[in-house]
Amino acid sequence: MGRIGWASLSDFIGRPMMYTIFFSIQVVAFFLLPTVSNALVFQGLIFLILSCYGGGFATIPAYIGDVFGTKQLGAIHGYILTAWAAAGMAGPLFAAWTRTISDNYNVTLYFFAGLLVVALIFSFLIRIDIKKLREFNTNKSISAEPASPILEPVET
């Protein structure tokens, strides 16, 4: 599926829904990984996680534009990529640390699954905020009447 497939799907279902799907898929996959003993199923789950990663990377610029507009898109995208890079450095260090303590990666996978649950909750909250903002803007544009000039008496 990857970048092209997920990005194309996001054009039809919307970016907020796409991120909810990404987080939902990954929550399930991360919770399942420690229990899987079949190599093909394990590889399939890893493929699914990586495709969500690529899809998130591909859809984030359009999502930023949808939510914040395009004026500061470059700066916001830069902040997101910086956070993404920091997570890319901290994640493997955390995984190595938990491996030395627990002698397996299960703790790491469950921890990241928990973080993905938090991200999933935030994706629902963002969708609620976007819906409220759209309703507010719709009501605002409907109730806006053309301004009539105020006639004030002219003093002579």
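Residues numbered from 1 in each chain as written. Predicted model: local features only at pLDDT ≥ 70, side-chain atom pairs only at ≥ 80, totals over all residues. Heavy atoms only, no water.

J.: Describe the confidence of the model for the protein, with residues and values.
T.: Averaged over every residue, the pLDDT of the protein is 87; the share at 70 or more is 90%. Element-level mean pLDDT values for the protein span from 87 in helix α5 (residues 106-143) up to 95 in helix α2 (residues 15-32). Note on residues 148-154: pLDDT under 50 across the span, and zero contacts to partners over four residues away in sequence or across chains. (pLDDT = per-residue confidence, 0-100. Helix = DSSP H or I, 4+ residues; strand = E, 2+ residues; numbered from the N terminus. Contact = heavy atoms within 4.5 Å.)

J.: Lay out the pattern of salt bridges with the relevant residues and their values.
T.: Tallied over the full model, the rule gives three salt bridges. With a closest N to O distance of 2.7 Å, Asp11 and Arg15 form a salt bridge. According to the relative accessible area criterion, Asp11 is exposed, its value standing at 57%. The salt bridge partner of Asp103 is Arg99, with a shortest N-O separation of 3.1 Å. For Arg99, a relative accessible area of 32% gives the class partly exposed. Among the ionic contacts, a cluster of salt bridges with common partners joins Asp11, Arg15 and Asp66. (Salt bridge = Lys/Arg side-chain N within 4 Å of Asp/Glu carboxyl O. Buried < 20%, exposed > 50% of the residue type's maximum accessible area, 1.4 Å probe, protein only.)

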